[in-house]
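The lines below spell out each chain.
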Amino acid sequence: QVQLVESGGGLVQPGSSLRLSCAVSISIASMRTRDWYRQAPGKQRELVATIGSGGLANYVDSVKGRFTISRDNAKNTLYLQMNDLKPEDTAVYYCHIKDILRDYWGQGTQVTVSS
């Protein structure tokens, strides 16, 4: 079975940084999309960042300049570097990949930003 294992979440103060990792049990290089989503309490799940096969990345406006999505195809791992974290970034973060047949989701990792 395909497994996506996220790690790196935690409780941090505003202005801190975290790096989330998503280790995937299959190749991510050929996937149609490689993404990070997040869902805050009482809010809809939103797409935070996506990276194309050639490395081109897109971000939701609220994280531009602070977050960086990257991937290591050899390790089949997706990353989200989060800098200058704000309380508004508090959410469960989900790794997501999509191939021609279906979507795959990680279990989610909690990020809490609080003073």
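Look a little higher up for the structure.
Residues numbered from 1 in each chain as written. Predicted model: local features only at pLDDT ≥ 70, side-chain atom pairs only at ≥ 80, totals over all residues. Heavy atoms only, no water.

Visitor: Can you explain the nonpolar core? Please cite residues and give values.
Guide: Residues Trp36, Phe67, Leu80, Met82 and Tyr93 are the most contacted members of the largest nonpolar core, which totals 26 residues. Contributions of two or more residues to this core are made by β3 (18–24), β5 (46–51), β7 (67–72), β8 (77–82), β9 (91–98) and β11 (109–113). (Core = buried A, V, L, I, M, F, W, Y, C linked by side-chain atoms within 4.5 Å. Buried < 20%, exposed > 50% of the residue type's maximum accessible area, 1.4 Å probe, protein only. Helix = DSSP H or I, 4+ residues; strand = E, 2+ residues; numbered from the N terminus.)

Visitor: Can you break down the pattern of salt bridges residue by residue, with the values?
Guide: With the rule as written, the count across this model stands at six salt bridges. Notably, a salt bridge pairs Arg38 with Asp89, separated by 3.0 Å at the nearest N-O pair. In this pair, Arg38 sits in strand β4 (residues 33–39) while Asp89 sits in the loop between β8 and β9, placing the two residues 51 residues apart along the sequence. With respect to class, Arg38 is no different from Asp89; both count as buried. A salt bridge links Asp72 to Lys75; the nearest nitrogen and oxygen atoms lie 3.5 Å apart. (Salt bridge = Lys/Arg side-chain N within 4 Å of Asp/Glu carboxyl O.)

Visitor: Please provide a residue-by-residue account of unusual backbone geometry, values included.
Guide: Note on backbone geometry: most residues besides glycine have negative phi, and most peptide bonds are trans. One non-glycine residue, Asn76, lies in the positive phi region at around 50°. As for its placement among the helices and strands, Asn76 is situated in the loop between β7 and β8. Phi angles above zero are rare outside glycine, and Asp84 is one such case at about 50°. Using a relative accessible area of 37% as the deciding quantity, one classes Asp84 as partly exposed.

Visitor: Any chance you could break down the sheet that holds β7 for me, citing the residues and the numbers?
Guide: The sheet built from four strands is open, its strands ordered β1-β3-β8-β7 with antiparallel pairing. Of all the strands in the sheet, just β1 (4–7) and β7 have a single pairing partner and so form its edges. The sheet shows a mean angle of 15° between the axes of neighbouring strands, taken without regard to direction. Relative to β3, β1 runs antiparallel, the two being bridged by four bridges. Of the residues in β3, the one forming a bridge with Leu4 is Val24. (Pairing = 2+ DSSP bridges. Axes fitted to C-alpha atoms, helices over the stretch in contact; angles between N-to-C directions.)

Visitor: An account of the side chain of Arg34 is needed here, citing residue identities and associated values.
Guide: For Arg34, the position within the fold is in strand β4. Buried within the structure, Arg34 lacks any salt-bridge partner; Asp35 is the closest side chain of opposite charge, at an N-O distance of 7.2 Å. A distance of 2.8 Å separates a polar atom in the side chain of Arg34 from the backbone oxygen of Met31. (Lys, Arg positive; Asp, Glu negative; His and termini not counted. Polar contact = N/O pair within 3.5 Å; in protein donor to acceptor, adjacent residues only side chain to side chain.)

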